[in-house]
Amino acid sequence: RQHRSVKLAEPDFSMRVALAAYRPTDTLFPSQWHLENNGGIGLTAGADVKAPDAWEITRGDRSIVVCIMDDGVQTDHPDLSSPGKLVAPYDFGEDDLDPRPVLSDDNHGTACAGVAVADENGSGVVGLAPGCAMMPIRTSGMISDSSIEALFNHARTKGADVISCSWGVASEFFTLSTRMKRAISRAASEGRDGHGCVILFAAGNEDVPVNGEKEGKNYRSGFAIHPYVVAVSASNSHDKRSHYSNYGPEIWISAPSSGSGGRRIVTTDRSGSSGYQQGDYTTSNGFGGTSSSTPLVAGLCGLILSVNPDLTAVEVKEILKESTD
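S.K.: What am I meant to see in the overall build of the protein chain here?
M.R.: From N to C terminus, the protein chain includes six helices and 12 strands. Over its C-alpha trace the protein chain gives a radius of gyration of 21 Å, about what one expects of a compact globule, namely 20 Å for 325 residues. In terms of principal-axis extent, the alpha carbons of the protein chain reach across some 85 × 45 × 45 Å. Relative to its full complement of 325 residues, the protein chain shows a buried share of 50%. For the protein chain, restricting intrachain contacts to residue pairs at least 6 apart in sequence, the fraction spanning at least 24 positions comes to 70%. Carbon and sulfur atoms form 50% of the exposed surface of the protein chain, whose accessible area is close to 14,900 Å². In the protein chain, 28 positive and 40 negative side-chain charges are present, and the distance between their average locations comes to 6 Å.

Here's what the structure looks like:
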């Protein structure tokens, strides 16, 4: 280029062809901004998990089981009932094999399940890992040594790869007992034939540290600060920390959810007049928070393990840390 007799010189690079990223045809997918968005009303472009890029690699495998440990999950929901979807369900409240909602406010689990693993079937919503299987566990609603042991022992022994927990204790300062710590540690180290279950807990929605002091008051979320747990906080559709999201150095990762003047989460809901609103899906204020960001990360873990099921739980945690913005 610097030679006076040369009019033009440029390198001839060889580049791979880039095909358009895969996008599902599910009718509500365009409203699921947490999976992909390019900006718009209440949105900041890129405040999402870039799901279509991941789906070019995998949309999940049925051999990978994501456990939704919550209140009732409507297992006959149109987006949660494809062949082979259900694995080892259990209801610890009713002590039976039917984890579907029992109480009028058993709405939370169905919404969480949709965020993680809702089927790709051309209608409704789609989860981040639609191809993965689901293990719905309805909890008793009470937290004790024996109940935590029962929950995590079931998930561990029945084949859960990922365990998503969008709940905590109704106490501002809660330290896990030794039995609780051991039950979680056992699942995280001995599950998956010694590879360890990936266990996620919601950080909470009180705008306080998960383990620390604020305005002269001490807070502790024993489950979220367990060293083997992936603690998940929330960001909003403007790519900022959601105003309610708990925080602190124990947080492992943040994921998109509602809050701070941003958009709401669109996901599965109990069918008919039950649930957060009329119909099979919800866009209401009733669901969101770190309760939604947690199953979203659980779906991501399901995708990671679908690509490489030989990864240990510790390795999955490191991949989350190293690959996030």
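S.K.: When you look at the sheet that holds strand β8 (residues 217-221) in this model, what are you seeing that I'm missing?
M.R.: Each strand in a sheet pairs with another by means of backbone hydrogen bonds, the pair being arranged parallel or else antiparallel. Strand order in the open sheet formed by three strands is β5-β8-β7, with mixed pairing between adjacent strands. Whereas interior strands pair on both sides, the edge strands pair on one side only; in this sheet they are β5 (173-174) and β7 (211-214).

S.K.: Before we go on, may I ask you to explain the layout of surface pockets in this structure?
M.R.: If you roll a probe as big as a water molecule over the atoms, it shows you where there is empty space left. Counted as a void, the largest pocket has a volume near 810 Å³. Around the largest pocket sit 27 residues that line it, and D48, V49, L300, S323 and T324 are the ones nearest its centre. Counting residues per element, the ones that place at least two in the lining of the largest pocket are α1 (51-55), β10 (253-256), α5 (289-307) and α6 (313-323). Looking at the lining of the largest pocket, the element that brings in the most residues is α5, giving six residues. Counted by class, the lining of the largest pocket contains 16 nonpolar, six polar and five charged residues. Here the second largest pocket defines a volume of roughly 420 Å³. Taken together, 23 residues form the lining of the second largest pocket, with G168, V169, G204, E206 and S221 sitting closest to its centre. At the level of secondary structure, the elements contributing two or more residues to the lining of the second largest pocket comprise β8 and α5. Of the residues belonging to the lining of the second largest pocket, the class tally is 10 nonpolar, 10 polar and three charged.

S.K.: Hey, could you run me through the packing of helix α3 (residues 145-157) against helix α4 (residues 178-190) in this one?
M.R.: Between two packed helices, the angle of one axis relative to the other and the distance separating the axes together describe the packing. Running from N to C, α3 and α4 cross one another at 5°; their axes reach a closest spacing of 8 Å. With respect to α4, the element α3 is oriented roughly parallel. Residues D145, S146, I148, E149, F152, N153 and R156 of α3 touch α4, and the partners they reach there are R179, M180, A183, I184, R186, A187 and E190. Taken together, the residues of the contact of α3 with α4 sort by class into six nonpolar, two polar and six charged.

S.K.: Explanation requested: the pairing of strand β3 (residues 133-138) in the structure shown.
M.R.: On a regular strand, each side chain points to the face opposite its neighbour's, so the side chains alternate between the two faces of the sheet. Summarising burial for β3: six of the six residues are buried, a large majority. With six bridges connecting them, strand β1 (residues 65-70) and β3 associate as parallel partners. Residue I68 lies in a different strand from β3, and its bridge partner there is P136. Note that strand β2 (residues 90-91) and β3 share two bridges and pair parallel. Note that in β3 the partner of Y90 across the bridge is I137.

S.K.: How should the packing of aromatic side chains be read in this particular structure?
M.R.: Centre-to-centre distance and the angle between the planes together describe a pair of aromatic rings. In total, this model carries eight aromatic pairs according to the counting rule given. Relative to F287, the ring of Y276 lies with its centre 6.1 Å away and its plane at 40°, an arrangement referred to as tilted. Separated by 11 residues along the polypeptide, Y276 in the loop between β11 (267-268) and β12 (281-282) and F287 in the loop between β12 and α5 bring together distant segments of the chain. Here the aromatic cluster, defined as three or more aromatic residues joined through ring pairs, consists of F152, W167, F174, F201 and F223. Across from the ring centre of Y22, 3.9 Å away, lies the NZ or CZ of R59, which sits over that ring. Here the basic side chain of K317 rests over the ring of W252, its NZ or CZ set 4.3 Å away from the ring centre.

S.K.: Could you clarify how one ought to interpret the sheet that holds β3 in this entry?
M.R.: An order of β2-β3-β1-β4-β6-β9-β10 is seen for the seven strands of this open sheet, with the pairing classed as parallel. Where the open sheet ends on each side, the last strands, each with one partner, are β2 and β10. Sheet strands in contact with helix α2 (residues 108-117) are β1 and β3, and its direction is about 155° off that of β1. In the packing of α3 onto the sheet, the strands contacted are β1, β2, β3, β4 (162-165) and β6 (198-202), and the crossing angle to β3 comes to about 160°.

S.K.: Teacher, can you tell me more about unusual backbone geometry here?
M.R.: Note: most peptide bonds trans; most residues except glycine with negative phi. For K50, which is not glycine, the phi torsion reads 55° and is therefore positive. Residue placement: K50 occurs in the segment before α1.

S.K.: Sorry, what's going on with the pairing of β8 here?
M.R.: Pairing between β5 and β8: two bridges, direction parallel. Residue pairing in the sheet places F173 in a bridge with R220 of β8. Two strands pair when backbone bridges link them, and β7 and β8 are joined in this way by four bridges, in the antiparallel orientation. Pairing of N211 across the sheet is with R220, part of β8. In textbook terms, the turn of a hairpin is the stretch between consecutive antiparallel strands, and for β7 and β8 this stretch comprises two residues, one of which, E215, has a positive phi near 50°.

Conventions we followed
Residues numbered from 1 in each chain as written. Predicted model: local features only at pLDDT ≥ 70, side-chain atom pairs only at ≥ 80, totals over all residues. Heavy atoms only, no water. Helix = DSSP H or I, 4+ residues; strand = E, 2+ residues; numbered from the N terminus. Rg over C-alpha atoms; globule rule 2.2 N^0.38 Å. Buried < 20%, exposed > 50% of the residue type's maximum accessible area, 1.4 Å probe, protein only. Contact = heavy atoms within 4.5 Å. Areas by Shrake-Rupley, 256 points an atom, 1.4 Å probe, with all protein chains shown as cover. Lys, Arg positive; Asp, Glu negative; His and termini not counted. Charge placed at Lys NZ, Arg CZ, Asp CG, Glu CD. Pairing = 2+ DSSP bridges. 1 Å grid on protein atoms, 1.4 Å probe; cavity = no way out; pocket = protein on both sides within 12 Å on 5 of 7 lines; lining within 4 Å. Points joined across faces, edges and corners; volume = space filled by probe spheres on them. Nonpolar A, V, L, I, M, F, W, Y, C, P; charged D, E, K, R; others polar. Axes fitted to C-alpha atoms, helices over the stretch in contact; angles between N-to-C directions. Parallel < 35°, antiparallel > 145°, perpendicular 65-115°, else oblique. Phe/Tyr/Trp six-rings, centres within 6.5 Å; stacked < 30°, edge-to-face > 60°. Lys NZ or Arg CZ within 6 Å of the ring centre and 35° of its normal.

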